[in-house]
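# Structure at a glance
Letter by letter, the chains look like this.
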Amino acid sequence: MARAINFLKVIKNNWKKSIFGAAAFSYGVSYAINSFKTFNIMREYCMEAAVYGNQIILPHQKPQHITVILNPVAKKRKAKKLFEEYCEPLLHLAGFAVTIIQTQSENQARSLIANLNTHTDAIVVAGGDGTLSDVVTGIMRRCKDNISNAKQCPIGVLPLGQTNNVASTLFHGFEDLKEVRELAEATMAVVRGKTKLADVVKVELAEQEPEQSSEPIYAVGTVEWGAWKDARSRMDKYWYWGSLRRYVTFIFNGMKNNLSWDCKGVMHYSDPCKGCAQCYIKDVEVSTSNKRWWHVFVPKVKNFSSGADIIDYQQIVNENCGTTRELNFSATELQLITRNVSQKIPDIPLVRVEIGPENVGYRDFVAEGWSRLKGMKSMISQVIEAKDIEIHPSETITSANQEYFLYIDNEEFELRPVKFKLIPNSIKMFCS
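Not measured: the values here are computed from a predicted model.

### Things to note about the pattern of salt bridges
In total, this model carries 16 salt bridges according to the counting rule given. Close ionic contact of E224 with K229 constitutes a salt bridge, the shortest N to O distance being 4.0 Å. Residues joined by salt bridges that share partners form a network here, namely E333, R352, E354, E368, R372 and K377.

Below, the structure is given as structure tokens:
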């Protein structure tokens, strides 16, 4: 009892040191527990990857070749370290021949993919939504003469960016050690070889002079224009606020006039079409199975699907396909969302257009911004489902001295009249 009383007296007389020691001890225990859990998680994934890597291949066969496009500055320059720690070992254990190409500048991934000369069985994007968009743009430009060829090379997505909307949709449901589990699961999706078809949106200028012609870019997730996105793009300016910068961004920008408070213009759009003779593009013969080279050693499973399940779109007539509608809009925000990043969109080829309120107060702007940090969005005045879209911003906006931006997969572009063309099921992506 005397020892306990003396111990409590020491703590009372040195309360500052006691608090610091308790905090340090608590952090050390938490760090040790998380390290132990991470070790066990990676051990399980490594054992699974080794099963694939231990498969015997014949002399005339070659290991599968994977090309990794790594953005080393993504995730605040942590992407390379995280990739080497949680992703690269699994690829090597699975028996892949891995080539890693690091981007050196912004948008370099487009030219790297468009000019890739080496054979590869798959491309893995180690970065965020912006890097993924660049890779898809490079693939689609490479296959512009025959778009169906883009499906021959599946794409893997490792959530190593600041924003990972596409990867979060493909790999979700993890709570404990979420970052480690998502990275490992995304890597194992490549190893397991299961894929799904994904839509792509072709983005090009609606008005451009012949001498200033530019190649289109391709979006996979979202296209955003509005005040909330403008505010989020300035989040890094408040780095000195630490983890609170996400919240103070909306507090400090809620009264600024240089945000896109007036998203005004005219939108021309066509209704979605499930597939008909007018919009269907016949693919060249491409294997859509998930068969891997080691499956030759696995007993075959009987497939009960028949030719009756294949839809002949050339026999389907949709008189409304391609019919253009017009809408004058005035809002604080305009978003175009693909089904690659939204669970609200039905499983048919379409783009969901969400139009925000025309006016919003300071308090509502801040509250909505904080809600969106948690993945919740409530301020939607109108929703339109469309296939092909053309947006012409108001001349008062484009002619203003101030610059406004359109964000395509979180990449910043100057606001100009733009055309969006949905290309459904045009690429393959690895999924869990």
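After that view of the structure, there is still more to cover.
### So, the sheet that holds strand β10 (residues 333-338)
Spatially, six strands are ordered β12-β11-β10-β7-β14-β15 in an open sheet, and the strand pairing comes out antiparallel. Whereas interior strands pair on both sides, the edge strands pair on one side only; in this sheet they are β12 (382-386) and β15 (411-414). Sheet twist, expressed as the mean angle between neighbouring strand axes with direction ignored, is 20 degrees. Here β10 runs beside strand β11 (residues 351-355); their pairing, made up of five bridges, is antiparallel. When the bridges of β11 are listed, T338 appears paired with V351.

### A look at the nonpolar core
Ranked by internal contacts, the top residues of the largest apolar core, which has 65 residues, are V68, F83, L132, V136 and I427. Among the elements that take part in this core, helix α8 (residues 178-192) stands out by supplying eight residues, more than any other. F83 has contacts with V68, L70, E88, P89, L91, I100, A126, L158 and L160, leaving out every residue within four places of it along the chain. Membership of the second largest hydrophobic core comes to 29 residues, among which are Y269, F329, I389 and F420.

### A word on the pairing of β10
Counting buried residues along β10, six of its six residues qualify, which places the element largely inside the surrounding structure. Across the two faces of β10 the burial is the same, with E333, Q335 and I337 and L334, L336 and T338 all buried. In the sheet, strand β7 (residues 222-226) pairs with β10 via five bridges, with the strands oriented antiparallel. Note on β10: the bridge partner recorded for W225 is L334.

### A closer look at unusual backbone geometry
Positive phi outside glycine occurs at R77, with the angle close to 65 degrees. Relative to the helices and strands, R77 resides in helix α3 (residues 74-77). R77 gets classed as exposed once you look at its relative accessible area, which sits at 64%. Of note in the backbone geometry, N410 takes a positive phi value of approximately 70 degrees without being a glycine. Relative to the helices and strands, N410 resides in the loop between β14 (405-408) and β15.

### Re the confidence of the model for the protein chain
On average, residues of the protein chain score 84 in pLDDT, and 86% of them are at 70 or above. The low-confidence segment residues 282-309 (pLDDT under 50) makes 30 contacts with residues lying over four places distant or belonging to another chain.

### What about a negative patch on the surface?
Side chains of E106, E403, E412 and E414 sit close together on the surface and give a patch of like negative charge. Within the secondary structure, E412 sits in strand β15.

### Concerning a nonpolar patch on the surface
On the surface, W239, Y240, W241, L244, I251, F252, M255, Y362 and W370 cluster together into a nonpolar patch covering about 980 Å² of accessible area. Of all elements in the fold, only α10 (245-253) and α11 (362-373) reach the threshold of two or more residues within the nonpolar patch. With respect to the secondary-structure elements, F252 resides in helix α10.

### With respect to α10
R245, V248, T249, F250 and N253 are the residues of α10 that are buried. Packing partners of the buried residues in α10 comprise α3, α9 (227-232) and α11.

### Regarding the packing of aromatic side chains
Evaluated as defined, the whole model comprises nine aromatic pairs. When the centroid spacing of 5.8 Å and the interplanar angle of 80 degrees are considered together, the rings of W239 and Y240 count as edge-to-face. In this structure, W239 and Y240 share a single accessibility class: exposed. Of the aromatic side chains, those joined through ring pairs into one cluster are Y238, W239, Y240, W241 and F252. Between K229 and the ring centre of Y407, over which it is positioned, the NZ or CZ distance is 5.4 Å.

### Focus: empty space enclosed by the protein
Enumeration according to the criterion identifies one cavity of 30 Å³ or more in this entry. Estimated volume of the largest cavity: approximately 50 Å³. Lining the largest cavity, in full, are V201, A219, V220, G221, T222, V223, L336, T338, V351 and F420. Mapped by element, the contributors of at least two residues to the lining of the largest cavity are β7 and β10. Considering only residue class, the lining of the largest cavity consists of seven nonpolar, three polar and no charged.

### Notes on the pairing of β14
Where β7 lies against β14, two bridges are found, and the strand directions are antiparallel. In the sheet register, E224 faces β14, and the bridge partner there is Y407. Pairing geometry for β14 and β15, over four bridges, is antiparallel. Across the sheet, the residue bridging to I408 is E411, located in β15. In textbook terms, the turn of a hairpin is the stretch between consecutive antiparallel strands, and for β14 and β15 this stretch comprises two residues, one of which, D409, has a positive phi near 50 degrees.

### Quick look at the packing of helix α4 (residues 79-93) against α8
Relative to each other, α4 and α8 sit at 30 degrees, their axes nearing to 9 Å. When the axes of α4 and α8 are compared, the pair comes out roughly parallel. As α4 packs across α8, the resulting crossing turns out to be right-handed. Touching L82, Y86, C87, L90 and L91 of α4 are E179, V180, L183, A184, T187, M188, V190 and V191, all from α8. Tallied by class, the residues present in the contact of α4 with α8 amount to eleven nonpolar, one polar and one charged.

What counts and how
Residues numbered from 1 in each chain as written. Predicted model: local features only at pLDDT ≥ 70, side-chain atom pairs only at ≥ 80, totals over all residues. Heavy atoms only, no water. Salt bridge = Lys/Arg side-chain N within 4 Å of Asp/Glu carboxyl O. Pairing = 2+ DSSP bridges. Helix = DSSP H or I, 4+ residues; strand = E, 2+ residues; numbered from the N terminus. Axes fitted to C-alpha atoms, helices over the stretch in contact; angles between N-to-C directions. Core = buried A, V, L, I, M, F, W, Y, C linked by side-chain atoms within 4.5 Å. Buried < 20%, exposed > 50% of the residue type's maximum accessible area, 1.4 Å probe, protein only. Contact = heavy atoms within 4.5 Å. pLDDT = per-residue confidence, 0-100. Patch = residues over 30% accessible without salt bridge, like charges linked within 9 Å, V, L, I, M, F, W, Y side chains within 5 Å. Areas by Shrake-Rupley, 256 points an atom, 1.4 Å probe, with all protein chains shown as cover. Lys, Arg positive; Asp, Glu negative; His and termini not counted. Charge placed at Lys NZ, Arg CZ, Asp CG, Glu CD. Phe/Tyr/Trp six-rings, centres within 6.5 Å; stacked < 30°, edge-to-face > 60°. Lys NZ or Arg CZ within 6 Å of the ring centre and 35° of its normal. 1 Å grid on protein atoms, 1.4 Å probe; cavity = no way out; pocket = protein on both sides within 12 Å on 5 of 7 lines; lining within 4 Å. Points joined across faces, edges and corners; volume = space filled by probe spheres on them. Nonpolar A, V, L, I, M, F, W, Y, C, P; charged D, E, K, R; others polar. Parallel < 35°, antiparallel > 145°, perpendicular 65-115°, else oblique. Left-handed = near helix turned anticlockwise from the far one by under 90°.

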